[in-house]
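Listed below, chain by chain, are the residues.
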There are 6 protein chains.
Amino acid sequence: MSTVALVEESDATAEVAAIYADIRATFGMPFVPAMFKAIAHHPAYLKASWERVKVVMGPGLIDRKTKEMIAVAVSAANGCDYCVQAHTTALKGMGSKDAEIVELMAVVDLFSGFNKMLEGLQVMPDIGTTSRN
Amino acid sequence: MSTVALVEESDATAEVAAIYADIRATFGMPFVPAMFKAIAHHPAYLKASWERVKVVMGPGLIDRKTKEMIAVAVSAANGCDYCVQAHTTALKGMGSKDAEIVELMAVVDLFSGFNKMLEGLQVMPDIGTTSRN
Amino acid sequence: MSTVALVEESDATAEVAAIYADIRATFGMPFVPAMFKAIAHHPAYLKASWERVKVVMGPGLIDRKTKEMIAVAVSAANGCDYCVQAHTTALKGMGSKDAEIVELMAVVDLFSGFNKMLEGLQVMPDIGTTSRN
Amino acid sequence: MSTVALVEESDATAEVAAIYADIRATFGMPFVPAMFKAIAHHPAYLKASWERVKVVMGPGLIDRKTKEMIAVAVSAANGCDYCVQAHTTALKGMGSKDAEIVELMAVVDLFSGFNKMLEGLQVMPDIGTTSRN
Amino acid sequence: MSTVALVEESDATAEVAAIYADIRATFGMPFVPAMFKAIAHHPAYLKASWERVKVVMGPGLIDRKTKEMIAVAVSAANGCDYCVQAHTTALKGMGSKDAEIVELMAVVDLFSGFNKMLEGLQVMPDIGTTSRN
Amino acid sequence: MSTVALVEESDATAEVAAIYADIRATFGMPFVPAMFKAIAHHPAYLKASWERVKVVMGPGLIDRKTKEMIAVAVSAANGCDYCVQAHTTALKGMGSKDAEIVELMAVVDLFSGFNKMLEGLQVMPDIGTTSRN
């Protein structure tokens, strides 16, 4: 159970309620995710975080579905059940089937394994590789 | 410096040399990455790992460039300089400019922060979200 | 469920029982935390760990409440539910309200995100910054 | 070396230059940290991140020095040299001596060890502890 | 709950069924672990991963029980309940009692703590130590 | 460079000097590792940590070489260059050759990859497996 109370929409101040309304409008879902309700005890942080979500996940050089895949991959690497669940749901809403989700996790598996093995052998970056930067 | 000697191409057994040749052919580069030279002391592991690289990074439902982005994102989350350098180089070879690489890292930043904050507040996954799985 | 049996107070040897008594006295609580009951299968490790807890969490240059905040922050970064729960409870016992706990997690969020982004961009420490050490 | 070019002050657009000026004014230092120069390729992300830094590290329920300690502790747990260096320098600027920095790391050591051991033994949170939340 | 459906033996293609049969034969257990059923949506990845399991966990310079201990230790450090449970069960099947499992976790605790503390103090490797490599 | 000064043997108090002497005697090496010199600013923490090293790494149910392997594996998973270097050196002093070190890292690679993939797919532990605990 969350260590802090969730600030429900009925209890939100006008400032927080306005952010909640923007979250619902942007996500197109009938509820505000618990993550935002948990951090609403610090309205300025909630606001600055939500503004950043819109900037980072909004239109740019990388398309939205790829960003959702990266969200799931990073959350798997960092070990966050909440984010893995939420963004896998988002991917499914964009049409991803089980085979695609497993293919994504195959990449996470491959590099997570190599990452730790390379640390354990202290292998230095390739000169030929880095000089191409 | 690597804690084990790198098995140079000139010192490789025929079995290892054949894998090295396949790596060079597949990567289209004039050298074998140090990672493979380091693990060549255990030829069966080198071979099984290389076969898996080809399966995981080869054609599928997710395109190669997206897989390289995931490789960089996961390696950043896991803290592996070698893989970050190698796969950022690969991304640049596929046309990524600095702005795209920073946009990728913005996603890594956003979710790595949320991942740890959610753990710290012990927020449970949304019922509404998970029920859509 | 724990992969090892918990050594209950009624089953403890005299050596372990004496440590349990010291834990209860120091923590001022009517029970011994499960963590200590789990490691009591290795009494010398239990004893050395408990002695270290007293040294590290005891009086020094940093006050106890700040140490509890660091305990929660580190446990969030490392992904340990048990320690997050236990030390958030301790913080609440020292008067922390939900707003303070969220403010603490805002710091964890900010730096966990930057930590991984900086790894992903391989940014070197500032000369101006490090030269002040 | 950074995988992206740093956007130097002399090359910054007016939008980025204004953020750089605010950073210098807020930190009271004669240079802009490399982290911000690296992410300036994505001005909206730079701006949203800097705004969030000011909110999270600004006045609140937790004092600034404690927040710097948490920044160092979290960066140690996540393995980020850049942030460890930068925020240890900040702590020293606020008067911390070597003994205090080691005392801080003793807390990081204690809980990082317990965090992983508890995961390895799958110990469940204490009922008595959690029921006090 | 798993974010993808498990591919049960009754639904498996001939290719996947053959791998399942090999897994059951090798592990000597009456069921196929859920991990393999989850990744069977990507048969080539399942096959390449299973082949690698046999190579890495098979006979070599390090005995099987030590490899199982390393599996538990690494899974504790990386925070994976599934692998901790599965490989602790394997260790118990090889005769490990609670005292041995706690002794293993004592090593994980000791070094996980030191790992993060050393990162936080930025201590460089000893010249005398590294020169012996 | 370390963020704190190392307390050299010539500058140590009698209390610290006695611990240094015990470290040299126990490790059988002509110098005190930098890790201990860094934390000597907090003598009680140095002492409690060193006592715990002796208990955890001393004789027990698991032999010393296996403990050194676990130290390297855990340090690779946690990303600590210092500990990887120091304990790989220790392993080499006990006769480990490059092939054995790579075999050790193959196990770290295998499970680190599976650990993160399982988190990303949220696979639950096998009932058949856990019921054998």
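Residues numbered from 1 in each chain as written. Chains lettered and ligands numbered in written order. Predicted model: local features only at pLDDT ≥ 70, side-chain atom pairs only at ≥ 80, totals over all residues.

Visitor: What's the story with the interface of chain E and chain C in this structure? I'm lost.
Guide: Reports often express the size of an interface as the amount of accessible area lost when the parts come together. Each partner contributes residues to the interface: chain E has eight residues there, and chain C has eight residues. Among the elements that line the side of chain E that touches chain C, the one with the most residues is helix α6 (residues 98-121) of chain E, at six residues. Partitioned by chemical class, the residues of the side of chain E that touches chain C number four nonpolar, two polar and two charged. (Contact = placed C-beta atoms within 7 Å. Helix = DSSP H or I, 4+ residues; strand = E, 2+ residues; numbered from the N terminus. Nonpolar A, V, L, I, M, F, W, Y, C, P; charged D, E, K, R; others polar.)

Visitor: Teacher, can you tell me more about the relation of the copies chain E and chain C here?
Guide: Mapping between the two copies of the chain is achieved by a rotation about an axis and a shift along the axis. With an RMSD of 0.0 Å, chain E superimposes on chain C once it is rotated by 120 degrees and translated 0.0 Å along the axis. Expressed as an axis order, the relation between the two copies is that of a three-fold axis. The C-alpha atom lying nearest the rotation axis in chain E is that of E:G79; the distance is 4.1 Å. Residue by residue, only 12% of the interface of chain E is reproduced at the interface of chain C, so the copies engage with different surfaces. (Least-squares fit on C-alpha atoms with pLDDT ≥ 70 in both.)

Visitor: So what exactly am I meant to see when it comes to the interface of chain F and chain E here?
Guide: Contacts between the two partners involve 59 residues from chain F and, on the opposite side, 59 residues from chain E. Elements represented by at least two residues in the side of chain F that touches chain E include exactly α2 (34-39), α3 (43-57), α4 (64-78), α5 (81-93), α6 (98-121) and α7 (127-130) of chain F. Top contributing element to the side of chain F that touches chain E by residue count: α6(F), with 16 residues.

Visitor: How should the packing of helix α4 (residues 64-78) of chain A against α6(F) be read in this particular structure?
Guide: Packed helices, taken two at a time, are described by their axes: the angle between them and the distance between them. Look at α4(A) against α6(F): their axes get within 8 Å of each other, and the N-to-C directions meet at 125 degrees. Considering the angle they form, α4(A) stands oblique to α6(F). When you trace α4(A) past α6(F), the crossing you get is right-handed. Mapping the contact onto sequence places A:V72, A:A76 and A:A77 in α4(A) and F:K116, F:E119 and F:G120 in α6(F). Of the residues that constitute the contact of α4(A) with α6(F), the class distribution is three nonpolar, one polar and two charged. (Axes fitted to C-alpha atoms, helices over the stretch in contact; angles between N-to-C directions. Parallel < 35°, antiparallel > 145°, perpendicular 65-115°, else oblique. Left-handed = near helix turned anticlockwise from the far one by under 90°.)

Visitor: Would you explain the relation of the copies chain F and chain E in this entry?
Guide: Laying chain F over chain E is done by rotating through 180 degrees and shifting 0.0 Å along the axis; what remains is an RMSD of 0.0 Å. Taken together, the rotation angle and the small translation identify this as a two-fold axis. Taken together, the interface assignments show that 100% of the residues at the interface of chain F recur at the interface of chain E, consistent with an identical surface on both copies.

Visitor: So what exactly am I meant to see when it comes to the domain arrangement of chain A here?
Guide: Each assigned domain of chain A is listed here: domain 1 (1-58) and domain 2 (60-123). Here the C-alpha centroids of domain 1 of chain A and domain 2 of chain A sit 24 Å apart. (Domains from an automatic or database assignment.)

Visitor: Whenever I open this one, helix α1 (residues 14-27) of chain C confuses me. Can you help?
Guide: Side chains three or four residues apart in an α-helix point the same way, a direct result of the helix having 3.6 residues per turn. Residues and elements named next belong to chain C. Its 14 residues place the ends of α1 20 Å apart at the C-alpha level, agreeing with the 20 Å of an ideal helix rising 1.5 Å per residue. Among the residues of α1, those classed as buried are V16, I19, Y20 and I23. Buried residues of α1, seen end-on, are gathered within an arc of 105 degrees and therefore sit on one face of the element. Opposite its buried face, α1 presents the exposed residues A14, A18 and A25, each directed more than 90 degrees away. Buried residues belonging to α1 abut α2 (34-39) and α3 (43-57). A positive backbone phi angle near 60 degrees is found at G28, which sits one or two residues after α1. (Expected span 1.5 Å × (residues − 1). Buried ≥ 20, exposed ≤ 12 C-beta atoms within 10 Å, placed from the backbone. Arc of directions from axis to C-beta.)

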